[in-house]
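Each chain, written out:
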Amino acid sequence: MDFQLSDDQRALRSGMRDLLGAAFDRDGLRAAVERGGGVDRGLWRELGAAGFFALRLPEESGGVGLGLPEAVLLFEEAGRALLPGPLVATHLAVGLVKGAAEGEAVVTASQGGGLPVADLRGADAVLVAGGVLTGEELAAFVAGARPVRSMDPLTPLHRAEGLVAAAEAYPGALRGEGALLTAAEQLGSAARTTEMAVQHARTREQFGSLIGSFQAVKHLCADMLARTEPARGAVYAAAVTGDPVEIAAAKLLADDAAVRNARDCLQIHGGMGFTWEADVHLHLKRAWLRAARWLSAAEAEEVLAAGLGPVRPLYGGSAALG
């Protein structure tokens, strides 16, 4: 089986990178930080026009007619660019919420378990375990939510109260697809912080030498690549199979790569990595936030453990060892 990207898939990924490079460059990123995150409706519609949300909608229904492997490539680019907003929820809401496919509607998700809801203010609908909240139900839900401080300046959060907020988040395919697309975003972030670290190591001088010549820095960069590529293989493979166990493994690997790579990138940048003007901390904060979304580490580990099947005793007798 050939897992190499096809020419069409490479062109799709390249096209999305070019689009985000033009519509959401570093100036756009910093402007979003200054306004406290949230959704840029103009950019949202531009993504809709490019087929970002309707990618997996059948062609006869007005979509692009592609599958999860292609969606993963686009979400990887979104993660690389640190694109804010409820991208995963809106993508999953296509076919459920009018206007989601075209980027006219912004859809967020209440994942239960006491987790805050991202980008609630201004959302046109909320995915919940029992369906979709719109209209008066949405208004009542928003009215009962209170803002909480977010570690990510690009992702405003609200804590919702009541039965909907406490309900178990999406079982089955919807939850698995959300976890996989989130893992793809984490993968994009992990790859980007690896590039940022290498670029900085190639230009930053210390003690009269480029810091990239120091063995400790080389090891950090190598470790970052060694985390990113296995995560990439796991995410791409899970997109092909759609297997819940493989999705859980992909989420674990991608979360680990995104968080640890951002930490190592920050260390390579040294004191400037901690400053507000640098972008490294934004990747770390978003990676922390995503790691708890759709499938946490503990939940993914439970899925993997269940996939191992029933535990059988190693010894048939009752005699003590020795």
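Residues numbered from 1 in each chain as written. Predicted model: local features only at pLDDT ≥ 70, side-chain atom pairs only at ≥ 80, totals over all residues. Heavy atoms only, no water.

Regarding the pattern of salt bridges
Which entries qualify depends on this criterion: Only one rule defines a salt bridge in this text: a Lys or Arg side-chain nitrogen within 4 Å of an Asp or Glu carboxyl oxygen. Numbering of helices and strands runs from the N terminus; a helix is a DSSP stretch of H or I covering at least four residues, while a strand is a stretch of E covering at least two. When a residue's accessible area, from a 1.4 Å probe over protein chains only, is under 20% of the maximum for its type it is buried; when over 50% it is exposed; and in between it is partly exposed.
Scanning the entire structure with this criterion turns up 17 salt bridges. Salt-bridge contacts for Arg 286 lead to Asp 152; the nearest nitrogen and oxygen are separated by 2.5 Å. Of the two residues, Arg 286 is situated in helix 11 (residues 280-291) and Asp 152 in the loop between strand 5 (146-148) and strand 6 (157-159); the sequence distance between them amounts to 134 residues. The class of Arg 286 is buried, set by a relative accessible area of 5%. The buried category is assigned to Asp 152, whose relative accessible area is 1%.

A look at the packing of aromatic side chains
Rule in force here: The criterion for an aromatic pair is that two Phe, Tyr or Trp rings (for Trp, the six-membered ring) have centres within 6.5 Å, with stacked assigned to planes under 30 degrees apart, edge-to-face to planes over 60 apart and tilted to the rest.
By the definition in use, this model includes three aromatic pairs. Between the aromatic rings of Phe 52 and Phe 53, the centroid separation amounts to 5.3 Å while the plane-to-plane angle is 80°, which identifies the pairing as edge-to-face. Judged by its relative accessible area of 1%, Phe 52 is buried. Accessibility expressed as a relative area gives 1% for Phe 53, which makes it buried. A centroid spacing of 4.8 Å and a plane angle of 45° characterise the contact between Phe 52 and Phe 75, whose relative ring orientation is tilted. Placement of Phe 52 in the loop between helix 3 (41-49) and helix 4 (68-81) and of Phe 75 in helix 4 is noted, with a sequence separation of 23 residues between them. Note on accessibility: Phe 52 and Phe 75 belong to one class, buried. One aromatic cluster is present, formed by Trp 44, Phe 52, Phe 53 and Phe 75 through successive ring pairs.

Things to note about unusual backbone geometry
Backbone phi values are negative for most residues with the exception of glycine, while trans is the configuration of most peptide bonds. For Leu 82, which is not glycine, the phi torsion reads 60° and is therefore positive. Note that Leu 82 resides in the loop between helix 4 and helix 5 (87-92). The buried category is assigned to Leu 82, whose relative accessible area is 0%. At Trp 294, a residue that is not glycine, the phi angle is positive and equals roughly 65°. In this structure Trp 294 comes out as buried when scored by relative accessible area, which is 7%.

Quick notes on the packing of helix 9 (residues 215-241) against helix 10 (residues 244-269)
Selection rule: A fitted line through C-alpha atoms serves as each axis, taken over the contacting stretch for helices, and the angle formed by two N-to-C directions is quoted from 0 to 180°. An angle counts as roughly parallel when it lies under 35 degrees, as roughly antiparallel when it exceeds 145, as roughly perpendicular when it falls between 65 and 115, and as oblique in every other case. Handedness of a helix crossing follows the sense of rotation of the near helix relative to the far helix, less than a right angle counterclockwise being left-handed and clockwise being right-handed. Residues are sorted three ways: Asp, Glu, Lys and Arg are charged, Ala, Val, Leu, Ile, Met, Phe, Trp, Tyr, Cys and Pro are nonpolar, and all the rest, Gly among them, are polar.
Relative to each other, helix 9 and helix 10 sit at 155°, their axes nearing to 8 Å. By the criterion of interaxial angle, the relationship of helix 9 to helix 10 is roughly antiparallel. Crossing of helix 9 over helix 10 shows left-handed handedness. Residue classes in the contact of helix 9 with helix 10 are distributed as 17 nonpolar, four polar and five charged.

Remarks on the sheet that holds strand 4 (residues 131-133)
Here is the rule: Should DSSP find at least two bridges between two strands, the strands are taken to pair. Contact definition: two residues touch when any of their heavy atoms are within 4.5 Å.
Across the sheet, three strands lie side by side as 1-3-4; this open sheet has mixed pairing. Either end of the sheet is taken by a strand with one partner, and the two such strands are strand 1 (107-109) and strand 4. Between one strand axis and the next, the sheet turns by 30° as a mean value, whatever way the strands run. Pairing between strand 3 (residues 125-128) and strand 4: three bridges, direction antiparallel. If you follow Leu 127 over to strand 4, its bridge partner there is Val 132. Here helix 6 (residues 135-143) sits on the sheet and contacts strand 3 and strand 4; the angle it forms with strand 4, its principal contact strand, is near 75°.

Topic: the confidence of the model for the protein
Cut-off, in case you're wondering: The pLDDT score gives, residue by residue, the confidence of the prediction method on a 0 to 100 scale.
In the predicted model, the protein carries a mean pLDDT of 88, and 91% of its residues have values of at least 70. A low-confidence stretch, residues 165-169 stays under pLDDT 50, and its non-local contacts, those more than four residues away or across chains, total 13 contacts.

Notes on the sheet that holds strand 6
A sheet is described by the order of its strands in space; here three strands give the open sequence 2-6-5, paired in antiparallel fashion. Either end of the sheet is taken by a strand with one partner, and the two such strands are strand 2 (117-118) and strand 5. In terms of strand pairing, strand 5 meets strand 6 through three bridges, oriented antiparallel. What sits directly across from Val 148, in strand 6, is Leu 157.

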